[in-house]
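So you can see what is in the structure, the chains are spelled out below.
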Amino acid sequence: MRKLTDTTLVLASHNAGKLREISALLEPFGKTVKSAGDFGLDEPEETEDSFAGNARIKAHYAAKKTGLPALSDDSGITVDALGGAPGVYTADWAETGQGRDFVMAMTRVWNELEAAGAPTPRSAAFHCTLCLAWPDGHDELFEGIVRGQVVWPMRGDRGFGFDPVFLPDGERETFGEMDPEMKHRMSHRAMAFGKFVAGSLD
Ligand SMILES: O=P(O)(O)OP(=O)(O)OP(=O)(O)OC[C@H]1O[C@@H](n2cnc3c(O)ncnc32)[C@H](O)[C@@H]1O
Ligand SMILES: [Mg+2]
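Identification of the chain as dITP/XTP pyrophosphatase from Poseidonocella sedimentorum is taken from an unreviewed UniProt entry. Quoted verbatim from the Subunit (unreviewed entry) heading of the UniProt record, the comment on the chain is "Homodimer."

This part is about the overall build of the chain. Counting secondary structure elements, the chain contains six helices and six strands. Starting at the N terminus and ending at the C terminus, the chain contains elements arranged as β-α-β-α-β-α-α-β-β-β-α-α. The C-alpha radius of gyration of the chain comes to 17 Å, within 12% of the 17 Å expected for a compact globule of 202 residues. If you line up the chain on its principal axes, its C-alpha atoms span 50 × 35 × 25 Å. Contacts in the chain between residues at least 24 apart in sequence constitute 60% of all its contacts with a sequence separation of at least 6.

The immediate surroundings of ligand 1 are formed by 22 residues, with S13, N15, S75, A91 and G161 found nearest. Looking at the shell around ligand 1, the elements with two or more residues in it are β3 (70-79) and α3 (90-93). Here the shell around ligand 1 gets four residues from one element, more than from any other, and that element is β3. Looking at the shell around ligand 1, its residues break down into five nonpolar, nine polar and eight charged.

Rules behind the numbers
- Residues numbered from 1 in each chain as written.
- Chains lettered and ligands numbered in written order.
- Predicted model: local features only at pLDDT ≥ 70, side-chain atom pairs only at ≥ 80, totals over all residues.
- UniProt positions renumbered as here; feature names shortened; annotations may be inferred.
- Helix = DSSP H or I, 4+ residues; strand = E, 2+ residues; numbered from the N terminus.
- Rg over C-alpha atoms; globule rule 2.2 N^0.38 Å.
- Contact = placed C-beta atoms within 7 Å.
- Near = placed C-beta within 6 Å.
- Nonpolar A, V, L, I, M, F, W, Y, C, P; charged D, E, K, R; others polar.

Dropping the structure here:
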């Protein structure tokens, strides 16, 4: 596995919640972190039907444009009783045409579970694939999954996206209620990040 020797790394994401979390996770490693926004990069179309495929699109796009190694994150929530939806389409379910509305997207998930008469607990998982890509076209992938259930009503305003309706297995607080430090110890993103550290930084 190729190591990340450069001191500057581009975070190839436009999501403020992800940027906050990944920057916090990267803090101890002494890298200079820039974001796609710092370079005025636009968002490439996420045309693949897998987390890995879309993570690769985003990381390679940013690496080519900036000439620096780039780390992307493709993630989403899969709900078992909905056949794994919204999955790679999690952000699309929030799209209104004028930005994103996650209350709408979470309500849709809950309504579909109710309509399906899904038994409780309504098991689900958050997935995260990180892709580290270099300007020469090389890349490495790191995956993390956390299992839990979809709960209703929404609880907490500390996270982003689907956090208020996701209760991780064995916990009493949703990702929306949880201290961010705690989320960093168990989240799909933290799991994938741990593999990135072990493979590329250590
Ligand atoms: O593609 P980038 O620019 O990174 O940002 P995005 O928001 O479009 O990200 P994705 O394409 O990966 O879509 C995944 C969606 O899944 C949701 N999601 C991912 N991780 C999450 C987390 O830790 N907590 C809550 N929601 C999360 C979040 O709302 C994202 O918008
Ligand atoms: Mg996206």
